[in-house]
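Observations on the three-dimensional arrangement
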Amino acid sequence: MRAVLVCAVLAVLVAAALAEVYLEETYDNSWDKRWITSDWKKAEGQQGKFKLTAGKWHGPNKVKGMQTAEDARFYAISAPLEKEFKVTDKPLVFQFTVKHEQKIDCGGGYLKLLPDFSPSDFNGDAPYFVMFGPDICGYGTRKTHLINHRNGKNHMVKRDIRVETDQLTHLYTLIIR
């Protein structure tokens, strides 16, 4: 049994070492040069700002991440993939963490895989291939969105994937085969 577990762990480590990475963000001091904030809602004065922070609650290493800095604002930010993505027989993995430090009433933390687009024009209605992440709005909407857009239509996951509404960090992982 132990040998099987060791072999399984080694197989996972080898697979991870051979994986292609299309975007990895470590949030160092140059993160804001890689990410482009959209001009969406800027003219109306409703555009929010992002900041780099470890947040109110963090571990001893104070790992930082991107945080929305203002309440009741609209946010849209994007970064290009490090290389072109092609659909193959390999799985595609989306993985990110979300932490809502305040009791959130209405908001989302989506990750979208987008076609070629103008980053300054990116907005909530921008076309995408995949949208994945938490959505909370009042007590009625508390789910993880998983939407695949193809052939001009949105194909939503059929079952509800509940989202946690606490103030802890949660890891979101989507594997597309």
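Since the structure is predicted, the reported quantities are computational estimates derived from the model, not experimental observations. (Residues numbered from 1 in each chain as written. Predicted model: local features only at pLDDT ≥ 70, side-chain atom pairs only at ≥ 80, totals over all residues. Heavy atoms only, no water.)

To continue, consider the pairing of strand β10 (residues 153-156). Every other side chain in a regular strand lies on the same face of the sheet, so the side chains alternate between the two faces. As paired strands, strand β9 (residues 141-150) and β10 are joined by 4 bridges and run antiparallel to one another. Residue pairing in the sheet places Asn148 in a bridge with His155 of β10. Connecting β9 to the next strand, β10, in antiparallel fashion are 2 residues, including Asn151 with a positive phi near 55 degrees. (Pairing = 2+ DSSP bridges. Helix = DSSP H or I, 4+ residues; strand = E, 2+ residues; numbered from the N terminus.)

Quick look at the environment of Lys83 now. Inspection of the secondary structure puts Lys83 in the loop between β4 (77-78) and β5 (92-99). With relative accessibility at 37%, the residue Lys83 sits in the partly exposed group. Separated by 61 residues in sequence, Lys83 and Tyr22 place their C-alpha atoms 5.9 Å apart. Apart from residues lying up to four places away in sequence, Lys83 is in contact with Glu20, Val21 and Tyr22. Looking at Lys83, its side chain comes within polar contact range of the side chain of Glu20, at 3.3 Å. (Buried < 20%, exposed > 50% of the residue type's maximum accessible area, 1.4 Å probe, protein only. Contact = heavy atoms within 4.5 Å. Polar contact = N/O pair within 3.5 Å; in protein donor to acceptor, adjacent residues only side chain to side chain.)

Core analysis: the biggest nonpolar cluster contains 11 residues, these being Leu92, Phe94, Phe96, Val98, Leu113, Val130, Phe132, Ile136, Val163, Tyr172 and Leu174. Those elements giving two or more residues to this core turn out to be β5, β8 (130-137) and β11 (169-176). Here this core gets 4 residues from one element, more than from any other, and that element is β5. Sequence-distant contacts of Leu174, that is, excluding residues within four places in its chain, are made with Leu92, Val93, Phe94, Val130, Phe132 and Leu146. Ranked by size, the runner-up nonpolar core spans 7 residues in total, among them Ala126, Tyr128, Met131 and Ile147. (Core = buried A, V, L, I, M, F, W, Y, C linked by side-chain atoms within 4.5 Å.)

Turning our eyes to something else, we now look at the side chain of Thr144. Mapped onto the elements of the fold, Thr144 is located in strand β9. Ignoring any residue separated from it by four or fewer positions in sequence, one finds Thr144 in contact with Phe132, Gly133, Pro134, Ile161, Arg162, Val163 and Tyr172.

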